[in-house]
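# Geometric and topological summary
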Amino acid sequence: IAGITQAPTSQILAAGRRMTLRCTQDMRHNAMYWYRQDLGLGLRLIHYSNTAGTTGKGEVPDGYSVSRANTDDFPLTLASAVPSQTSVYFCASSDEGADGYTFGSGTRLTVV
Amino acid sequence: SQQGEEDPQALSIQEGENATMNCSYKTSINNLQWYRQNSGRGLVHLILIRSNEREKHSGRLRVTLDTSKKSSSLLITASRAADTASYFCAPGQYSGAGSYQLTFGKGTKLSVIP
């Protein structure tokens, strides 16, 4: 089934640990995005990539890094997790020919 | 910020009634999109309306866009219990390389009572 796969589905992480959230798409979309969703705050853009080899900062990039080595993968890394990074993280993709974004099912991350 | 703001924050209706959700935004856009999110799931794209369009239909959905007022509305007709979800509007701006960035509001939580 074409779409976006995110892993893990959920994770409890000790503060200070490094963590990489994985995102893979099989639609050959050019653009990919990472959002976090917090209660009362809606979805906020963390980082994006318009095409393989390029990345950009969104609204809340601090504490996160991304890479886009190829079209399909867009991992999000928390170098040293803090409790305020407890959230649900969504990866999404889009392309010029597509009508909208395709979202993954999310990763629920708890930093303790 | 381009962020859309949905109104109302919550809406409760009886099955069979129509549901209307509104969205306002602040600056010029290339398109505006509506998404649905069921509890604990990812967002699902419902409909896109371009800045040069005023109205668009898709099944039981009707979207309007008024760029002079920087506002949009989503109408769901003959609602069903399965329409219970949060609905988000997302103003879109072209960001190059064939892609555009969306900024999401906090959503309208719709409850359809059987």
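Preceding block: the structure.
Presented here is an overview of the structure given in this document. Note that the structure is predicted; figures quoted are calculated from it, not measured.

Scanning chain B from N- to C-terminus turns up zero helices and 11 strands. Secondary structure elements in chain B, listed N-terminal to C-terminal, are β-β-β-β-β-β-β-β-β-β-β. Its C-alpha atoms give chain B a radius of gyration of 14 Å, near enough to 13 Å, the size a compact globule of 114 residues would have. Viewed in the frame of its principal axes, chain B has a C-alpha envelope of about 45 × 30 × 20 Å. Long-range contacts, defined as pairs at least 24 residues apart, comprise 56% of the intrachain contacts of chain B with a sequence gap of at least 6. Carbon and sulfur atoms provide 45% of the accessible area of chain B, an area that totals close to 5,400 Å². A gap of 5 Å separates the mean positions of the 13 positive and 9 negative side-chain charges of chain B.

This next bit is on the sheet that holds strand β3 (residues 19–24) of chain B. Residues and elements named next belong to chain B. Reading across from one edge, β1-β3-β8-β7-β6 is the order of the five strands in this open sheet, with antiparallel pairing throughout. Each edge of the open sheet is held by one strand with a lone partner, namely β1 (5–7) and β6 (55–58). Ignoring which end each strand starts from, the neighbouring axes of this sheet average 20° apart. Looking at chain direction, β3 and strand β8 (residues 71–76) are connected through six bridges and run antiparallel. Along β8, the bridge assignment pairs Asn22 with Ser73.

Of the voids in this model, the largest pocket is the one considered here, and its volume is about 960 Å³. Those elements that provide at least two residues to the lining of the largest pocket are β4 (31–38), β9 (87–94) and β11 (107–111) of chain A together with β1, β9 (85–96) and β11 (108–113) of chain B. Residues that form the lining of the largest pocket fall into these classes: eight nonpolar, 24 polar and seven charged.

Quick look at the interface of chain B and chain A now. On the chain A side, the residues contacting the 22 residues of chain B number 23 residues. Carbon and sulfur atoms supply 49% of the area that chain B and chain A bury against each other, a total of about 1,700 Å² over both sides. It is Tyr100, Gln101 and Phe104 of chain B that lose the most area in chain B upon contact with chain A, and together they represent 27% of the buried surface on that side. Here chain B and chain A share zero salt bridges between them. Counting every contact that joins chain B to chain A gives four residue pairs in polar contact (both at pLDDT 80 or more). Within the residue set of the side of chain B that touches chain A, elements represented by two or more residues are β4 (31–37), β5 (43–50), β9 and β10 (99–102) of chain B. Its residues assigned to classes, the side of chain B that touches chain A comprises eight nonpolar, 11 polar and three charged.

Take the sheet that holds strand β1 (residues 4–7) of chain A next. Residue and element names in this part refer to chain A. Strand order in this open sheet of four strands is β1-β3-β8-β7, and the pairing throughout is antiparallel. With partners counted over all chains shown, the strands left at the sheet margins are β1 and β7 (64–66), one partner each. Neighbour-to-neighbour, the strand axes of this sheet turn through a mean angle of 20°, independent of strand direction.

Once that is clear, we can look at the pairing of β4 of chain B. Residue and element names in this part refer to chain B. Burial runs high along β4: six of the seven residues are buried. In this structure, β4 lies alongside β5, joined through seven bridges in antiparallel fashion. Among the inter-strand pairings, Gln33 is bridged to a residue of β5, identified as Leu48. Two successive antiparallel strands, β4 and β5, enclose a turn made up of five residues, where Gly40 displays a positive phi of approximately 80°. Two elements, β4 and β9, share seven bridges in a ladder whose sense is antiparallel. Note on β9: the bridge partner recorded for Gln37 is Ser86.

As a further point, take the state of the cysteines. Here the structure, examined in full by the defined rule, presents two disulfides over all chains. The disulfide bridge from Cys23 of chain A ends at Cys91 of chain A, spanning 1.9 Å between sulfur atoms. Across the disulfide from Cys23 of chain A to Cys91 of chain A, rotation about the S-S bond amounts to roughly -70°, and the bridge is consequently left-handed. A residue pair is termed long-range when its members are at least 10 positions apart, and Cys23 of chain A in strand β3 (residues 19–25) and Cys91 of chain A in strand β9 qualify at 68 residues. Between the sulfur atoms of Cys23 of chain B and its disulfide mate Cys89 of chain B the distance is 2.0 Å. Handedness of the Cys23 of chain B-Cys89 of chain B disulfide follows from its S-S torsion of about 60°: it is right-handed. Here Cys23 of chain B, found in strand β3, pairs with Cys89 of chain B, found in strand β9; they are 66 residues apart in sequence, far enough to count as distant.

Conventions and cut-offs
- Residues numbered from 1 in each chain as written.
- Chains lettered and ligands numbered in written order.
- Predicted model: local features only at pLDDT ≥ 70, side-chain atom pairs only at ≥ 80, totals over all residues.
- Heavy atoms only, no water.
- Helix = DSSP H or I, 4+ residues; strand = E, 2+ residues; numbered from the N terminus.
- Rg over C-alpha atoms; globule rule 2.2 N^0.38 Å.
- Contact = heavy atoms within 4.5 Å.
- Areas by Shrake-Rupley, 256 points an atom, 1.4 Å probe, with all protein chains shown as cover.
- Lys, Arg positive; Asp, Glu negative; His and termini not counted.
- Charge placed at Lys NZ, Arg CZ, Asp CG, Glu CD.
- Pairing = 2+ DSSP bridges.
- Axes fitted to C-alpha atoms, helices over the stretch in contact; angles between N-to-C directions.
- 1 Å grid on protein atoms, 1.4 Å probe; cavity = no way out; pocket = protein on both sides within 12 Å on 5 of 7 lines; lining within 4 Å.
- Points joined across faces, edges and corners; volume = space filled by probe spheres on them.
- Nonpolar A, V, L, I, M, F, W, Y, C, P; charged D, E, K, R; others polar.
- Buried area = accessible area lost by both parts, 1.4 Å probe.
- Salt bridge = Lys/Arg side-chain N within 4 Å of Asp/Glu carboxyl O.
- Polar contact = N/O pair within 3.5 Å; in protein donor to acceptor, adjacent residues only side chain to side chain.
- Buried < 20%, exposed > 50% of the residue type's maximum accessible area, 1.4 Å probe, protein only.
- Disulfide = S-S within 2.5 Å.

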